[in-house]
Every structure is written in C-alpha cells, then in structure tokens.
There are 2 protein chains.
Amino acid sequence: MSVSRRGFMAGATVAASAAALASCANAGDAQKVDAASDAETRLTAAIVDFDGPHQAGIETPVQANLNLISFNLKEDADRTTVTRLLRLWTEDARSLCAGKVPLGSLEPEMVTAPANLTITCGIGPRVFEVADLVDKQPDWLQPLPEFSLDQLDEKWGQSDFVLQICSDDPIMASHAMRHMVRAAMDYAETGWLQQGFLNADGAIEKGKTPRNLFGQVDGTVNPHNAEEYKEQVWIDQGADFLIGGTSMVVRRINMNLDTWEMLDRASREESIGRDLEKGAPLSGGEEFDQPDFSATDKYGLPLIDKNSHMARATAPEDAPEQKIKRRPYNYDVQPDPALGQLSNAGLVFITFQKDPVKQYVPIQQRLDESDRLNIWITHIGSAVYWVPPGVSVDGDGDHYWAESLFADDA
Amino acid sequence: MSVSRRGFMAGATVAASAAALASCANAGDAQKVDAASDAETRLTAAIVDFDGPHQAGIETPVQANLNLISFNLKEDADRTTVTRLLRLWTEDARSLCAGKVPLGSLEPEMVTAPANLTITCGIGPRVFEVADLVDKQPDWLQPLPEFSLDQLDEKWGQSDFVLQICSDDPIMASHAMRHMVRAAMDYAETGWLQQGFLNADGAIEKGKTPRNLFGQVDGTVNPHNAEEYKEQVWIDQGADFLIGGTSMVVRRINMNLDTWEMLDRASREESIGRDLEKGAPLSGGEEFDQPDFSATDKYGLPLIDKNSHMARATAPEDAPEQKIKRRPYNYDVQPDPALGQLSNAGLVFITFQKDPVKQYVPIQQRLDESDRLNIWITHIGSAVYWVPPGVSVDGDGDHYWAESLFADDA
C-alpha cells in the first residue's frame, strides 16, 4: 500500500485514524441481516461484507437508494492511472462499507450508518485500450446491438467506469458517492448520475420482490440461491482474472405512466402476464409458481398472452441460459409540461449475467420484437461493464479491484 | 362532495372502493409514533394525522424523502378552478396520508406503506389575482427582497402552488406525487421539482437533529414545543382564513462541497459556530445549550466567531421574533465537470414562520451581510407561499384547503 494520498486535504489535520481494515471475510456476499428492533441499530449495524469471492451489491438484497455514477478517465491516463484509481477506490469502499472512516476523510459523522451500503465497480471497454490490454478484453465487453425500438440518448451512454452505490440510508448513499468521486479526482471525471429508489429497506418486507412504478412486481424470476447464481451470474470459465466476476448491463428505460395509467387493471395485467397484486402468473397460483402458457379460459383463449412481457422475457426451453439477475431501481424526475409530460419516470435497469451477448441480448431481442409493454416503455440509455471479482485482505496485504489484470507485475 | 372526477380514467373499472374517509381528528399534528419492531409495521402503520388545526408536514418530525413540487394554474383558470383543484387535492391527500386508496385510483398496491407520509400545500401570490381576491392577499405574500449575494435562477422561482410531499418510504413519496399531479392535470401544470433527502427515518435516531452535507447539525434552534410553534409559526392574528396557517419560504441553497472540504475541521467549526460532532456551541456544552457569545479562550479571543453562521443567524435580544422553523432537505444531483464541479449539492431550505418579512428576512439580511459560510454557499432559488390552516371532516362534510377564503359562498 504505497500509493500516496492525493493532496486534496492539503493542510488538513487527518483526524481519522487509519484503523486496521475489516478482517478478511469468508462469508462471500452473505448479508449480515440486522434483526435489531430499533432504527438506530437497523441502520448503524447493517453491514454487508465487502470482501469475498464476488463483489457485493449483486446478490445482496436490494437497498432503498441507488446512486449509479459513471466516470471517464482523464486524457493522459495509462495503466498506472487505472491501477492507482482502482486501488484507492477499493481501499475507500472497503472502509465505507464497514462503517469506518476512510483514510484522509474529515467527515466521520457521515459514516456512522452504513445501512447495508454496497459499492460495486464496473469497468468499460475503453479501459482495456488505455491500459494497453486490448488482447485481454472479453468478447462480450462491447456495445449492445441496436434494438429496433431503442431511442438511445448518448448522455446515458457508455463510460469507462461505473460505481453502483446502494444503501438503505440516503445520506450514506450520498456521502459514499461524494467520497468515491473525491478519491477519483486526479484520475477520472464524473459522467452521468442515475439515481433510483425502491421501498425503504429495499422492500417493505425484506425478501419480497420490489415493485416498479407501473405497480409491477419486478424481478420474480431472478436467481434465488447459490446454484442459480453460479449458473447465471458468476463467470467460471476463461482467463483467471475473470473468474468470480460478472458483467453489468445498464439500460435506462423510460416508462410512460401517463398513457399506462389510462389502462384498466385487466389490461395492465394482460400486458405484463402477471397479476398486479401478487405478481402471480395469469395462469394462476402464487408469485413464484411456474407459468402455464398452455392454460386457457372457458373460451379457449390463452390465460397468458404470448406477447405479454412475461411470456416474451421467459427463456425458451431449448435456451435455458437466457436468464439474468435483474436489479432495477425506479427513477422519477421532473416532468416537462412543454413535452406534454405529467411524469418523467422509469427504471435504471441494471442486470448481471456471465455473458450479456448470450444471456441479455436474446431476451431483449425477443422483447424488442414483440412485447405488449413496448407501447409504454422506451429504452433511452445503454452501457455494458465488466465487473471484476471480489477482493480480500490476505497475507500479501489488501487486494484491489481487477488487480490480477491491471497490476504492473501481473 | 359533489365535484365530479375528471375523466382521466375513462373506460377504466374503478376498482378502488370509496371507503369512508378517515374520521375527524382531534389530535392536531401529533404523529402516531410507530414503535413496532419490524420494518413492515414501521412503514405500513406509520400514519401522520392529516386532519387537524394545522397542516401536517410542518411540526411533523422530518421524514427521509422529499418531493417538493410546484404547480402553475392553466391560462383560463379562475376562482372555480382554484376551488376544484384544492378540493380534489385535499380529498386525495387525506386518503393517501391515511394509507387509503384515493377515489379513482387503480393503484392500491402503491398505497400500502404511508411511512409517515405528509402532503402540505402552499399557495403563491398569483392565485389571489386569479381568484379575484387581491384585497385579501397577506402583505407578506410577495417576493423576498433581493439579497446582495443572491444568484437566483428563475427556474427555481415562484409558482402558483407548491406541494411538500414527505415520506420515510421513497416509493410512497413518488406515488403520492404522481397521484397529486394527476389530480391537478385539468387545472395546473407542474413546474420545478426539488427532491431531497435526510437519513432513513428522517434521522438515525428519531428526535435527533438531522445533518446537511457539510456535516453540520442543522435545525438545533427550531421550535420544539407547542408554545414555541404558537409564538413562531402558527398565525393567530388577522383575517379568519389565515388563523392556524403559516407561511413557507423555499430557498434553494447550493453548497460547494469541493471548496468546503478543503478546510480542516477546526475551520469548518469556526465558520459554523458549533462543533461538527454534536452541534454544540463552540462556547461549550451540548447541542441544545445556549451559546455564550462572550466566552473567550486563553488568549482572550472569542470562542464563537461573531461572523459565524450561528452567531449571525441568532435572533438579537431586542428582536426575539426573528425565529423560524427550518425544515431543510439535502439535495445531491449530477455534477458538471465542464464547470469544474466534483459535486452539485446543497439544501432545499424550507422554512415556516408567521410572517416571512418580519421573521425570515431580517435573519437572511444579517447572513447576507456577513456570514463566514457565504464563501461556500449560494442562494439560487426563492419562493414564498401562504400555507392555509389544517382541514377537518365535520358535520358539514369534509373541508378542503383554504375553503374559507376561496369557496364561492365564502
């Protein structure tokens, strides 16, 4: 750990002690569930392990608040810049997520309630160029193909890095972002900021699937156990530096509440393929029951429309690899009446999968071709990132994100 | 209740039952504190009384999330438009805040967790013109005088109405805003939206003073009991329609974290006049102890700088009326590196007082003249509203905001 801290705090008394960092975790991405009864403990004692084989913030139950912020390397950046940035970020993220004051921070009061804080790092394709490592760039780390209904705005486009910062406490999510931006200041500039929200504590009842602003229960078919994460999310083939990592797709999806809400409930449910109240397939049962696409009503009409969102999103029987981890957050920003808007809302639609080309793209192609929801939704942003595996502190000292790829001696 | 509902849902089956509305409250603005131990109850059972002598959301302990949204009447509006809008808004806000589905809503799933939802209505000066009631407009309902350091952006300026929507649940705050915008669609268009946040549950420990993004404990000298609210906030003189109401000042204050954080902690504390950790006056003691402006250190220098924010904000002994209720929320939006920004943060600074000219203006004049914090803060938005008194359901039916002023038969 020989990286010198940038001179941002020049002249300041570094009050924060460089306390020994969290000991190496063996719990992977498991969350220390906080069952305490009062709010103070619920927020201050809720710590998600930062170290582990995979980054946190992927398998972690969703938190209430999202700051998804992009960064672009400064012009003169090279591989050394990249390693310095990733080293600083890892070190500071490890402290923040443990509720500890990062080295050099003068704001200990802002780090008292991690509230399940996670900071997840994604790396864009240009970083492989800058680091002169194009030969190691995964094939799938490239722009998604253009879909016919895309109306992409480049302001929500690809960046060199992304940090997904999530916490059940809004001030913690804000301060963690602030700290990570400050840590990057010598190396990278901020790009877009996509802010999102779910229910307080992620879901009204932890473990319940959250809703989006169409009222839809969103994420039912997500992986729910280690086996499914192993199948769908964690990379287990290819170069060593990839193992244990994953890929992140970020789509910004505008959802037109103004026209959607003109539908009656039956029409909304037919478009989704699930009921609104419980998220159960329209063929019956409960949220997690398998849909029966052959079920019909008394007139012989299918109970689940074959063009419903759910039917189109479901992996075909001969392509079971078409599954992804969805981790979407709602957004709801200022509408513009001059555009006829009563609302300007949608999803920061974040997905994780081993390979976006094999898993995300075919699903989105089917949806793009024919999904009844397309009347009300529009994809307006797109980016893809490599998510390095988790890090740890071991006998060799503390490790940092993507070290085995970028370290000068790697 | 003869107002016909607008045709937004034309063709839709109105599934929501027009359940009997919440019975008339006598508890004023007291909050039903939810001491239940699990998150579900904490969010679903936390209901703040809507009816009462004063509007909720003023004396109510701060919630985690703010949607402060402005509205402007459509061109052909008249007094009838105003009364229809206020009647619809009051009726729907009363339902939403009680966790009940408003008449005509098809989204019962979005109203399950009020999480201390409050919806507070403010009325701008132009509404008195539109309603042909200029002779009744309070003298103080006018733009604030220009302060020398103001850098006002008209996009954060005066509007005809404002709704302050606060909840500890972000989806509830979003859906309540959505519903209120939809209710207004025939009568008014949305203007600015100022979104803000505090800690989850308002404060990490309920009852604690929240922090702003400078790390400052913000709101220590607020009124804390009924007597102080009576003295500082609730109007008790003048026309009948004003009694029990108040005024709302909305200032948008940019806070330059980038330069502020270059200060060491001692300099930050000197500028504020309080310590960062506890918010105690620099003359010693605890947060709520009186500052001793005459106290000096061993060199004879004052412990509290006379130009510190706290010293300048404090009411002079001969003008004890210069006190206000501050209810500020933090904002933290996308920075623009092209402007040299690492951050774009600050406060949605909302204050309530009987008379802004007598209470808010002299404080702000002193701060504008000389407040050490002025190096790092800039006022960029300003608006003033009349906040009508609370409403109730009584023998005559349900009443609506500002009815005694605007009702055609008033």
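Residues numbered from 1 in each chain as written. Chains lettered and ligands numbered in written order. Predicted model: local features only at pLDDT ≥ 70, side-chain atom pairs only at ≥ 80, totals over all residues. Heavy atoms only, no water.

Put simply, the rule reads: UniProt positions are given in the numbering used here, feature names are shortened, and annotations may be inferred rather than shown by experiment.
For chain A, the name recorded in an unreviewed UniProt entry is Dyp-type peroxidase, with Corynebacterium breve as its organism. On record in UniProt, under Cofactor (unreviewed entry), the comment for chain A is "heme b".

**Notes on the overall build of chain A**
The condition is simple: Only DSSP runs of H or I covering at least 4 residues are called helices, and only runs of E covering at least 2 are called strands; the numbering of each starts at the N terminus. Categorising residues by exposure relies on relative accessible area from a 1.4 Å probe, with only protein chains included: less than 20% of the type maximum marks a residue as buried, more than 50% marks it as exposed, and the intermediate range marks it as partly exposed. In what follows, a contact means two residues having at least one pair of non-hydrogen atoms within 4.5 Å. Only the protein chains shown count as cover for residues, with accessible areas throughout obtained via the Shrake-Rupley method and a probe of 1.4 Å.
The secondary structure content of chain A amounts to ten helices and eleven strands. Evaluated residue by residue, chain A yields a buried proportion of 60% over its 410 residues. Here the analysis covers contacts within chain A between residues at least 6 apart in sequence; of these, 78% occur between residues at least 24 apart. Total accessible area on chain A stands at roughly 15900 Å², and carbon and sulfur atoms take up 49% of it.

**A look at the relation of the copies chain B and chain A**
Keep this limit in mind: A least-squares fit on C-alpha atoms brings the copies together, and the residues used are those whose pLDDT is at least 70 in both copies.
Structural alignment of chain B on chain A gives an RMSD of 0.0 Å, achieved by rotating through 180 degrees and translating 0.0 Å along the axis. The relationship between the two copies is best expressed as a two-fold rotation axis. Take the interface residues of chain B: 100% of them recur as interface residues in chain A, which is what a same-surface contact looks like.

**Focus on the environment of Gly-52 of chain B**
The topology assignment puts Gly-52 of chain B in the loop between helix H1 (39-44) and strand S1 (65-73). For the pair Gly-52 of chain B and Gly-390 of chain B, spaced 338 residues apart in sequence, the C-alpha separation works out to 5.3 Å.

**Quick notes on helix H4 (residues 170-184) of chain A**
Residue and element names in this part refer to chain A. Selection criterion: In this scheme, a helix's expected span is set at 1.5 Å multiplied by one less than its residue total. Side-chain atoms alone can form a polar contact between residues adjacent in sequence; in general such a contact is a pair of N or O atoms within 3.5 Å, and within protein one must be able to donate a hydrogen while the other accepts it.
For H4, with 15 residues, the first-to-last C-alpha span of 21 Å sits near the 21 Å given by 1.5 Å per residue. Of all the 15 residues making up H4, 15 are buried; the element is thus mostly covered by neighbouring parts of the structure. The N-capping residue of H4, defined by a side-chain oxygen 3.3 Å from the backbone nitrogen of Ile-171, is Asp-169.

**What to know about the interface of chain B and chain A**
Interface extent is often summarised as the accessible area lost during association of the parts. Where we set the bar: Counted as salt bridges are all cases of a side-chain nitrogen of Lys or Arg within 4 Å of a carboxyl oxygen of Asp or Glu. In this count, Pro and Cys sit with the nonpolar residues alongside Ala, Val, Leu, Ile, Met, Phe, Trp and Tyr, while Asp, Glu, Lys and Arg are called charged and the others, Gly among them, polar.
Listed per partner, the contact involves 66 residues of chain B and 69 residues of chain A. Here chain B and chain A share ten salt bridges between them. Between Asp-258 of chain A and Arg-178 of chain B there is a salt bridge, and its shortest N-O distance comes to 2.9 Å. Of all the secondary-structure elements, those providing two or more residues to the side of chain B that touches chain A are H1, helix H4 (170-184), strand S4 (188-197), helix H6 (257-260), helix H7 (265-272) and strand S7 (329-333) of chain B. Here the side of chain B that touches chain A is composed, by residue class, of 32 nonpolar, 15 polar and 19 charged.

**Some details on the pairing of strand S3 (residues 161-167) of chain B**
Residue and element names in this part refer to chain B. Inclusion rule: Pairing between two strands requires that DSSP report at least two bridges joining them.
Burial of S3 is extensive: seven of the seven residues sit out of reach of the surface. With burial as the criterion, each face of S3 is covered, one bearing Phe-161, Leu-163, Ile-165 and Ser-167 and the other bearing Val-162, Gln-164 and Cys-166. Across seven bridges, S1 lies against S3 in antiparallel orientation. Bridge pairing in S3 places Leu-68 opposite Gln-164.

**Topic: the environment of Glu-277 of chain A**
On the secondary structure map, Glu-277 of chain A appears in the loop between helix H7 (265-272) and helix H8 (309-313). Measuring from C-alpha to C-alpha, the distance between Glu-277 of chain A and Gly-215 of chain A comes to 8.4 Å, with 62 residues separating the pair along the chain. In this structure, Glu-277 of chain A is in contact with Arg-211, Arg-265 and Glu-269 of chain A together with Glu-109 of chain B, ignoring residues within four places of it in sequence.

**With respect to the pattern of salt bridges**
What the rule picks out here adds up to 30 salt bridges over all chains. Across the pair Glu-109 of chain A and Arg-265 of chain B runs a salt bridge whose closest N-O atoms are separated by 2.5 Å. Pair noted here: Glu-109 of chain A is in the loop between helix H2 (79-97) and strand S2 (118-123) and Arg-265 of chain B is in helix H7, and the two residues belong to different chains. This pair shows no difference in class: Glu-109 of chain A is buried, exactly as Arg-265 of chain B is. With its nearest N and O atoms 3.6 Å apart, the salt bridge here joins Arg-94 of chain B to Asp-398 of chain B. Of the two residues, Arg-94 of chain B sits in helix H2 (residues 79-97) while Asp-398 of chain B sits in strand S11 (residues 397-398), which places them 304 residues apart along the sequence.

**Remarks on the packing of H2 of chain A against H4 of chain A**
Residue and element names in this part refer to chain A. Let me state the cut-off plainly: Orientation is described by lines fitted to C-alpha atoms, with helices fitted over the stretch in contact, and by angles between N-to-C directions that extend from 0 to 180 degrees. In these notes the angle categories are as follows: under 35 degrees is roughly parallel, over 145 is roughly antiparallel, 65 to 115 is roughly perpendicular, and the rest is oblique. By definition, turning the near helix anticlockwise from the far helix through less than a right angle yields a left-handed crossing, and turning it clockwise yields a right-handed one.
Two elements in contact, H2 and H4, have axes separated by 9 Å at closest approach and are oriented at 155 degrees. Taken together, H2 and H4 sit at an angle that is classed as roughly antiparallel. Remark: the crossing between H2 and H4 carries right-handed chirality. Note on element contacts: H4 touches H2 through Met-172, His-175, Ala-176, His-179, Met-180, Ala-183 and Ala-184, opposite Leu-85, Leu-88, Trp-89, Asp-92, Ala-93 and Leu-96. Taken together, the residues of the contact of H2 with H4 break down into ten nonpolar, two polar and one charged.

**Some thoughts on the confidence of the model for chain A**
Counted only if it meets this: Confidence of the prediction at every residue is given by pLDDT, a number between 0 and 100.
This prediction gives chain A a mean pLDDT of 89; 89% of its residues lie at or above 70. Confidence drops under a pLDDT of 50 for residues 1-37 of chain A, and excluding neighbours within four residues, the segment shows 76 contacts in the predicted structure.

**Focus: the environment of Leu-103 of chain A**
All names here are of chain A. Along the chain, the position of Leu-103 falls in the loop between H2 and S2. Residue Leu-103 is classed as partly exposed on the basis of its relative accessible area, which comes to 29%. Taking the C-alpha atoms as reference, Leu-103 lies 9.9 Å from Leu-88; in sequence the two are 15 residues apart.

**Describing the packing of aromatic side chains**
Threshold: Two aromatic rings from Phe, Tyr or Trp, using only the six-membered ring of Trp, form a pair when their centres are within 6.5 Å; if the ring planes differ by under 30 degrees the pair is stacked, by over 60 it is edge-to-face, and anything between is tilted.
If you walk through the whole model with that rule in mind, you get 18 aromatic pairs over all chains. Note on Phe-50 of chain B and Trp-401 of chain B: the rings are 5.8 Å apart at their centroids and 50 degrees apart in plane angle, and the pair reads as tilted. Separated by 351 residues along the polypeptide, Phe-50 of chain B in the loop between H1 and S1 and Trp-401 of chain B in the loop between S11 and helix H10 (403-406) bring together distant segments of the chain. In terms of burial, Phe-50 of chain B and Trp-401 of chain B fall into one category: buried. Seen in terms of ring centroids, Trp-89 of chain B and Phe-161 of chain B are 5.5 Å apart; in terms of plane orientation they differ by 90 degrees. Their pairing is edge-to-face. Note that Trp-89 of chain B is positioned in helix H2 and Phe-161 of chain B in strand S3, a separation of 72 residues in sequence. Residue class for Trp-89 of chain B comes out buried when judged on its relative accessible area of 0%. Ring pairs connect the aromatic residues Phe-128, Phe-241, Trp-386 and Phe-406 of chain A, which therefore count as one cluster.

**Concerning the pairing of S4 of chain B**
All names here are of chain B. Counting buried residues in S4 gives eight out of ten residues, a clear majority hidden from the surface. Across eight bridges, the pairing between S1 and S4 is antiparallel. Note on S4: the bridge partner recorded for Phe-71 is Thr-190.

**Focus on H7 of chain B**
Residues and elements named next belong to chain B. To be explicit about the condition: Regarding the arc, it is the one traced by the directions from the helix axis to the C-beta atoms.
For H7, the complete set of buried residues consists of Arg-265, Arg-268, Glu-269, Ser-271 and Ile-272. Down the axis of H7, the sector holding all buried residues measures 160 degrees, keeping them to one side. In this fold, the buried residues of H7 make contact with H6 and helix H8 (309-313). Just downstream of H7, Gly-273 is the residue with a positive phi angle, here 95 degrees.

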